[in-house]
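For reference, the chains in residue letters:
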Amino acid sequence: MFLQPQLRALLRDGAQGVERHDARNLQRSWRKFAAFAYVAEQYGYRYDGLSPLSPKGSPNPYFAFRRLPDAAQRAERTAQHHTTAQEGGQLPGMRPGGSRLRPLAEVRRDVDLLHARIMVDYSRTHRRRGLTALLVLLAAMLIPLSQTGFSAQSLLVCGAIWLFFAALWLTGLFIARHRYTKYSRMLRDSGVDWPPDPSLA
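One structure accompanies this document, and this report is about it. Just so you know, these numbers come straight off a predicted model, no measurement behind them. (Residues numbered from 1 in each chain as written. Predicted model: local features only at pLDDT ≥ 70, side-chain atom pairs only at ≥ 80, totals over all residues. Heavy atoms only, no water.)

1. With respect to the packing of aromatic side chains
Throughout the structure, instances matching the rule amount to 11 aromatic pairs. Between F33 and F36, the ring centres sit 6.2 Å apart and the planes meet at 20°, which makes this aromatic pair stacked. Residue F33 and its partner F36 are located together in helix 2 (residues 30-42), separated by three residues, close to a single helical turn. The exposure class of F33 is buried, given its relative accessible area of 0%. Owing to a relative accessible area of 1%, F36 belongs among the buried residues under this scheme. Pairing F36 with F65 gives two aromatic rings, centres 6.1 Å apart and planes at 80°, and the pair type is edge-to-face. A residue pair is termed long-range when its members are at least 10 positions apart, and F36 in helix 2 and F65 in strand 3 (residues 63-67) qualify at 29 residues. Take F36 and F65: they sit in the same class, and that class is buried. (Phe/Tyr/Trp six-rings, centres within 6.5 Å; stacked < 30°, edge-to-face > 60°. Helix = DSSP H or I, 4+ residues; strand = E, 2+ residues; numbered from the N terminus. Buried < 20%, exposed > 50% of the residue type's maximum accessible area, 1.4 Å probe, protein only.)

2. Some remarks on unusual backbone geometry
Although it is not a glycine, R28 sits at a positive phi angle of roughly 60°. Take R28: it is sitting in the loop between strand 1 (20-23) and helix 2.

3. Points about the packing of helix 4 (residues 108-123) against helix 6 (residues 152-189)
Interhelical geometry of helix 4 versus helix 6 gives an angle of 145° and a closest axis separation of 9 Å. The way helix 4 lies across helix 6 gives a crossing that is left-handed. Of the residues in helix 6, those touching helix 4 at D112, L113, H115, A116, R117, M119, V120, Y122 and S123 are A176, R179, Y180, Y183, S184, M186 and L187. Split by residue class, the contact of helix 4 with helix 6 holds 10 nonpolar, three polar and three charged. (Axes fitted to C-alpha atoms, helices over the stretch in contact; angles between N-to-C directions. Left-handed = near helix turned anticlockwise from the far one by under 90°. Contact = heavy atoms within 4.5 Å. Nonpolar A, V, L, I, M, F, W, Y, C, P; charged D, E, K, R; others polar.)

4. Things to note about helix 2
With 13 residues, helix 2 ought to run about 18 Å at 1.5 Å a step, and its terminal C-alpha atoms sit 19 Å apart, in line with that. Across the 13 residues that make up helix 2, a large majority, 11, are buried. Where helix 2 is concerned, the buried positions are W30, F33, A34, A35, F36, A37, Y38, V39, A40, E41 and Q42. Along its buried surface, helix 2 packs onto helix 1 (3-16), strand 1, strand 2 (45-50), strand 3, helix 3 (71-81) and helix 4. Just downstream of helix 2 lies G44, where phi reads positive at about 110°. (Expected span 1.5 Å × (residues − 1).)

5. Looking at the pattern of salt bridges
Scanning all chains against the criterion turns up six salt bridges. Between R66 and D48 there is a salt bridge, with its nearest N and O atoms 3.2 Å apart. Here the residue R66 occupies a position in strand 3, and D48 occupies one in strand 2, the gap between them amounting to 18 residues. Classification of R66 as partly exposed rests on a relative accessible area of 38%. Its relative accessible area of 34% is what places D48 among the partly exposed residues. Between R74 and D70 there is a salt bridge, with its nearest N and O atoms 3.1 Å apart. (Salt bridge = Lys/Arg side-chain N within 4 Å of Asp/Glu carboxyl O.)

Written out as structure tokens, the structure is:
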């Protein structure tokens with residue numbers, strides 16, 4: 001449903017020579033978004049991590065795709081071999097029919113490594129996102145308390161609610177850290193240095 005507009009936006013930026021294409025995960029699956037990142041590379045844009053456009057703490061951040069030096073040639077070559085891709089046909093590196101973002105066996109490892117990079121980047125957004133929500137919740141609870149009064153019972157109820165959401169955030173933080181460690185190890189074992197050192201760019 002969202003794939004066609006996302007692909008059209010990528011190709012529009014490519015035709016205009018835009019240096020950085022920004023995209024959100026609209027595929028409802030991180031693996032499918034990784035498959036989209038593979039497709040984007042065939043059209044001349046390589047996955048580059050979290051976008052500077054992305055609001056801090058956003059649950060659905062923007063990701064950046066950098067234009068490759070040979071982007072025009074890549075896009076032309078891909079368009080020649082996948083003439084119906086923009087009309088719902090087979091995408092480069094993907095299986096025909098059904099879900100259009102199912103990688104072929106020969107590109108599955110590339111997609112898996114892209115997925116690992118995306119998950120490392122996405123995991124880094126969790127701490128700030130949850131902490132902001134907890135602070136907003138605390139401020140929001142002060143409003144009804146100021147109307148009803150700061151009785152022991154109302155403070156206990158608000159405290160219990162806040163602790164419940166704090167526990168959820170800590171659980172999510174644990175999961176995010178586990179995910180970060182898991183995918184960082186996978187990338188390291190594959191010889192991929194991610195996230196890249198900005199001083200070496």
